[in-house]
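Reading the structure
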Amino acid sequence: MTTVNEYPADTARRGDPAYEAAIQVFNLFAPVAPAAAVTAHSVDEVRSAVRHARRLGLGVRVHATGHASATARPMGDDLLIRTGLGAGVEIDAQRRVARVPAGARWGAVVEAAARYGLAAPHGSSPTVGVVGYLLGGGLSMYARHTGLAVNSLRAVELVTADGELRRVDAAEDPELFDALRGGGGGFGVVTAVEIALFPAARVITGAAFWPASEAARLLPVWRRWAETAPGAATTSIRVMNLPKLPEIPAVLTAGPVLCLDGLVLATDEDGLATMRQQAQDLLAPLRALAEPLMDTWHEAGPTAVPETHMDPPEPVPVLGDHMLLGDLGDEGIAAFLRVTVDRPDSALVVAELRQLGGALATPAPGCGALGHLDARYAYSGAGVPGGGATEQEIREHCALVRETLAPWDTGRTAPTFVASLEQPQGHLDAEGVLAADRVRLRVDPEGVFRGDIAPGSSLLV
């Protein structure tokens with residue numbers, strides 16, 4: 001058994017303020033409780049922590065912001081490394097590449113890239129950590145234009161189980177590089193990444209809200225538009241039961257609302273007219289059917305996009321579920337409405353259908369373990385335990401939605417959308433699982449990082 005005196009001086013134990021700082025997570029419903037924790041501010045501190053953990057026989061776990069804590073295995077006998085490497089985001093505008101240290105949030109990357117007329121394949125929240133999101137695939141706000149965000153990775157710097165720093169890319173250890181890109185984790189502690197950026201002259205972005213009673217008329221129109229939508233457009237539809245809070249406009253808390261948000265991209269000035277027409281083709285039919293309660297769609301630069309989805313900026317308790325769905329058709333849309341809009345007792349704060357297809361549907365050249373999503377929609381639903389619904393009520397409603405949408409469930413998942421450790425998961429096929437395991441056995445034969453492997457991604461856990 002490890003005694004307190006055996007830990008290195010910069011490692012914190014339960015009860016220490018530094019421990020509490022290191023174990024903070026964004027999902028307050030899914031706290032973590034490792035044996036010890038350290039916030040690493042440099043590569044040398046990461047290397048030291050890994051070597052000490054190995055000497056003491058501890059597993060090593062890693063997080064930055066803790067957004068994915070609900071999918072983490074128990075950490076009782078492990079050392080948690082919170083990555084907070086302090087160097088800023090570096091932009092190489094000529095190569096259209098950003099070097100991002102572990103611990104950086106997407107908001108910082110967006111701001112840095114926009115100064116050069118560039119954008120990054122970030123998700124819906126500016127507070128999400130870059131590294132964990134990328135290694136899990138990453139379903140970007142620009143996803144139908146860029147494909148999965150993980151395809152933007154150009155190099156990964158990581159400390160492996162032997163305590164050594166490696167830089168891997170398509171030329172240097174391509175097998176490990178492939179496994180890192182969506183292989184399910186458990187390969188080491190990533191300390192920095194290099195990602196490809198893309199041109200972004202302007203976007204039309206925002207959110208429109210209608211009373212949920214209009215959903216039966218609006219959703220089929222959106223679905224038919226989505227079938228042939230241009231790749232420059234990525235949108236989502238949400239049924240929302242928002243709490244009465246001062247920061248939420250009162251018009252959105254009087255009852256359930258339907259929200260359409262997303263963006264249309266113009267990569268250069270020549271594409272502005274096309275972008276405006278594409279946005280008109282999306283929004284005009286819906287606005288004509290029913291006047292929105294609130295409508296924030298507008299033309300802007302890429303720095304406006306991280307605020308579009310209005311994800312909470314501060315930690316909250318969340319419990320939910322996720323599936324990748326095939327072509328819903330009108331029948332699938334009607335089924336979705338039955339378990340969301342038509343249920344006044346819904347325990348879900350939000351139930352979302354995110355549009356897939358476009359560049360997401362095709363494996364990118366030279367992609368890694370996860371290169372595309374073979375589905376038409378990503379469903380996610382979530383409730384807030386104690387915020388008007390109990391944990392049991394949320395679980396029961398998630399189960400009802402899963403049962404109702406089962407005819408359209410592809411059986412696959414997008415790793416960054418997975419909402420709990422218990423839910424069915426599967427983003428790799430059998431061949432992909434074996435390939436990732438071969439790499440794990442090579443770079444981590446003792447299983448130091450085994451606890452961080454995502455369920456369904458390995459036969460080793």
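So, here is what we can say about the structure in this document. (Residues numbered from 1 in each chain as written. Predicted model: local features only at pLDDT ≥ 70, side-chain atom pairs only at ≥ 80, totals over all residues. Heavy atoms only, no water.)

1. With respect to the pairing of strand β14 (residues 257-266)
Regular strands show a simple pattern: their side chains alternate between the two faces of the sheet. In terms of residue burial, β14 counts as a mostly covered element, since 10 of its 10 residues are buried. Note that strand β12 (residues 202-211) and β14 share 10 bridges and pair antiparallel. If you follow Val203 over to β14, its bridge partner there is Leu265. In the sheet, strand β13 (residues 233-240) pairs with β14 via eight bridges, with the strands oriented antiparallel. Looking at the pairing, Ala233 lines up with Val264 of β14. (Buried < 20%, exposed > 50% of the residue type's maximum accessible area, 1.4 Å probe, protein only. Helix = DSSP H or I, 4+ residues; strand = E, 2+ residues; numbered from the N terminus. Pairing = 2+ DSSP bridges.)

2. Some words on the pattern of salt bridges
Proximity of charged atoms lets side chains of opposite charge pair with each other. All told, the structure shown has 30 salt bridges when counted by the stated rule. Linking Arg442 and Glu175 is a salt bridge whose minimum nitrogen-to-oxygen distance equals 3.2 Å. Of this pair, Arg442 sits in helix α11 (residues 430-443) while Glu175 sits in helix α6 (residues 174-180); the two residues are 267 residues apart in sequence, bridging distant segments of the chain. Residue Arg442 is classed as partly exposed on the basis of its relative accessible area, which comes to 40%. Its relative accessible area of 38% is what places Glu175 among the partly exposed residues. Two residues, Arg440 and Asp437, come together in a salt bridge whose shortest N-O distance is 2.8 Å. With Arg440 and Asp437 both in helix α11, this residue pair falls three residues apart, about one helical turn. Across the pair, exposure class does not vary: Arg440 and Asp437 are buried alike. Several salt bridges share partner residues, and in doing so they unite Asp92, Arg95, Arg167, Asp169 and Glu194 into one network. (Salt bridge = Lys/Arg side-chain N within 4 Å of Asp/Glu carboxyl O.)

3. Describing the side chain of Gln355
Take Gln355: it is sitting in strand β18 (residues 350-355). With relative accessibility at 1%, the residue Gln355 sits in the buried group. Here Thr235 takes part through its side chain, which lies 2.7 Å from a polar atom of the side chain of Gln355. Once residues lying within four places of it in the same chain are set aside, the contact partners of Gln355 are Arg144, Trp222, Trp225, Ala226, Ala229, Ala233, Thr234, Thr235, Arg376 and Tyr377. (Polar contact = N/O pair within 3.5 Å; in protein donor to acceptor, adjacent residues only side chain to side chain. Contact = heavy atoms within 4.5 Å.)

Functional significance is not addressed by these values, which are geometric in nature.
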